[in-house]
Amino acid sequence: MACQYFTPCEHGAETFTVMMPKLTFGRGCLAELGQRARTRGFTWVALFTDPYLRDGPFVRGALESLAAEGIDVAVFSEVRIEPDDRSVIAGAEFLRDGNFDGVVSVGGGSSMDTAKAAMIYALHPAEFTDYFAPPVGAGRPIPGPLLPHIACPTTSGTGSECTSVSVVRLGEYNTKFVLGSPHLLPVEALVDPACTDTLPANAIASTGYDLMCHAIECYTAKAYTRWDKVADPNGRTLLQGANPWSDMSARRALEIVDGYLVRGVNDATDQEARDQLMWGATLAGMAFGNSGTHLPHAMSYGVTHLMHDVTTEGYPVAAPFVPHGISVVVNAPAIFRFLADGAPERHLEAAGYLGADASGAGPDDAGEVVSNRIIRLMQDTHAPNGLSGVGFSAAEVPDLAASSIRQTRAIHNAPKVADLQSMQDIYSDAISYW
Ligand SMILES: [Fe+2]
């Protein structure tokens, strides 16, 4: 590759793989579900959704579309917002009892991720932690295919419809960890931005931060040429580092955040902004599904592990609760200040796509340029002011770092590796920004 960032290096990978579902995007495309499912030969479908969407218009529309094609459906609506091992096992038992020939998910990342993870344990039963990476799991590969899955996102952030990962909270640790396998990739995604028209402003903001961080993390990730070459192509991890495919979609996703996030949050009637943010979320999912995220996501897990004195309006979830995108963005400015000297040009470029004025900025300014732009977007969209804005104090910094240091794979996908002390320094810097 011509780009200097992907310069070959000794023992480094020379190839990268792109994985994508068949993707349909546009207002009203959820109505295509029945025909799409029939074309794939579905006759008896498990539909995963959450209890809050269960009786709403999107699930109703999905059921009508499937019924119109003569496809029978059973609904699993016990998806937990932020799935955990118990809710995933309940989903797996539902699948095992049903003997289905296809799976549909309608909802945010929680519904899609529950469908993905439940299929693993229904089709390939094992100890729950077997398929998670060390140090919490045995790192066992998922041994074979799952059911064909059509994913229908209803929020504009997660990108899970385009990824081969599922994020699950392990009760034993009370922390989220990642399941990853090519078998987890949905076969098809129906991305209908009309599903976001009724989302409250703070959900548009939170999911927008998630998509923004997916895109910056992909763009600044360690280059794929810096990961070791693999002897068996099946062993090539989907978290393979920055690559030209992910660059392409991350760039446009960042431009969309710059152009439409503030508009989408501050004006619920701005349909163009919501359409664009949905497309941005899909693009960012296409990017991180083929490169992997890194430190902002790794360090968000400490926040959702240890959150205590925090409530979030607009989410039907018991306190304490910090939406995923908020848990990622509260640390992001401090993280990029730390990481920027690992890949200064990439940070400056990402900041430019995000609308920062980087004129006259040099490599030494990269961290400040990108973090100042993120802070400005946070302020303009009413984000919590760093960790203190979600109930944390400086005294909790060591515990936050001790929790997040276990996310080894994501930590090593960053352009510079953070050790425990670095993580403490970053969390200290993230307590407040303004
Ligand atoms: Fe995310």
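What counts, and where the lines are drawn
Residues numbered from 1 in each chain as written. Predicted model: local features only at pLDDT ≥ 70, side-chain atom pairs only at ≥ 80, totals over all residues. Pairing = 2+ DSSP bridges. Helix = DSSP H or I, 4+ residues; strand = E, 2+ residues; numbered from the N terminus. Axes fitted to C-alpha atoms, helices over the stretch in contact; angles between N-to-C directions. Contact = placed C-beta atoms within 7 Å. Domains from an automatic or database assignment. Nonpolar A, V, L, I, M, F, W, Y, C, P; charged D, E, K, R; others polar. Buried ≥ 20, exposed ≤ 12 C-beta atoms within 10 Å, placed from the backbone. Arc of directions from axis to C-beta. Core = buried A, V, L, I, M, F, W, Y, C linked by C-beta atoms within 7 Å. Parallel < 35°, antiparallel > 145°, perpendicular 65-115°, else oblique. Left-handed = near helix turned anticlockwise from the far one by under 90°.

Strand order across the open sheet formed by 6 strands is β1-β8-β5-β4-β2-β3, with parallel pairing between neighbours. With one partner strand each, in any of the chains shown, β1 (22-25) and β3 (72-76) form the two edges of the open sheet. Strand after strand, the sheet turns through a mean of 20° between neighbouring axes, direction not considered. This element, helix α2 (residues 57-68), spans β2 (44-48), β3, β4 (102-107) and β5 (149-153) of the sheet and lies at about 155° to β4.

Glancing now at the domain arrangement of the chain. In terms of domains, the chain is made up of domain 1 (4-15 + 200-429) and domain 2 (28-191). On a C-alpha basis, the centroid separation for the pair domain 1 and domain 2 is 25 Å. Each side of the interface is counted separately: domain 1 has 30 residues, and domain 2 has 22 residues. When contributions to the side of domain 1 that touches domain 2 are tallied by element, the ones reaching two or more residues are α5 (201-220), α7 (271-288), α8 (295-306) and α9 (324-329). Ranked by the residues each element gives to the side of domain 1 that touches domain 2, the list is headed by α7, at 9 residues. Residues of the side of domain 1 that touches domain 2, tallied by class, amount to 14 nonpolar, 12 polar and 4 charged.

Those residues of helix α13 (residues 397-404) that fall on the buried side of the exposure criterion are Val 397, Leu 400, Ala 401, Ser 403 and Ser 404. The buried residues of α13 all sit within an arc of 160° when viewed along its axis, so they share a single face. Where α13 is buried, its residues meet β7 (175-180), α8 and α15 (420-429).

With that settled, consider the nonpolar core. Counting 134 residues, the largest nonpolar core has Val 45, Ala 62, Val 104, Ala 215 and Ala 253 as the members making the most contacts within it. In terms of residue count, α5 provides more of this core than any other element does, 11 residues in total. If you count residues domain by domain, this core takes at least three from each of domain 1 (4-15 + 200-429) and domain 2 (28-191). Those residues in contact with Ala 62 that sit more than four places away from it in its chain are Leu 30, Leu 33, Leu 47, Val 104, Val 106 and Cys 152.

It is worth spelling out the environment of Asp 72 at this point. Within the secondary structure layout, Asp 72 lies in strand β3. On the basis of neighbour counts, which here come to 12 C-beta atoms within 10 Å, the residue Asp 72 falls in the exposed class. In this structure, the C-alpha to C-alpha distance between Asp 72 and Thr 24, residues 48 residues apart in sequence, is 23 Å. If sequence neighbours within four positions are ignored, Asp 72 has contacts with Thr 43, Trp 44 and Val 45.

One can describe the packing of α13 onto α15 by two numbers: an axis separation of 9 Å at closest approach and a directional angle of 130°. Here α13 lies oblique to α15, going by the angle between them. At the point where α13 passes α15, the crossing takes the right-handed sense. Contact with α13, carried on its side by Val 397, Pro 398, Leu 400, Ala 401 and Ser 404, involves Leu 420, Met 423, Gln 424, Tyr 427 and Ser 428 of α15 and no other residues of that element. Considered class by class, the residues forming the contact of α13 with α15 number 7 nonpolar, 3 polar and no charged.

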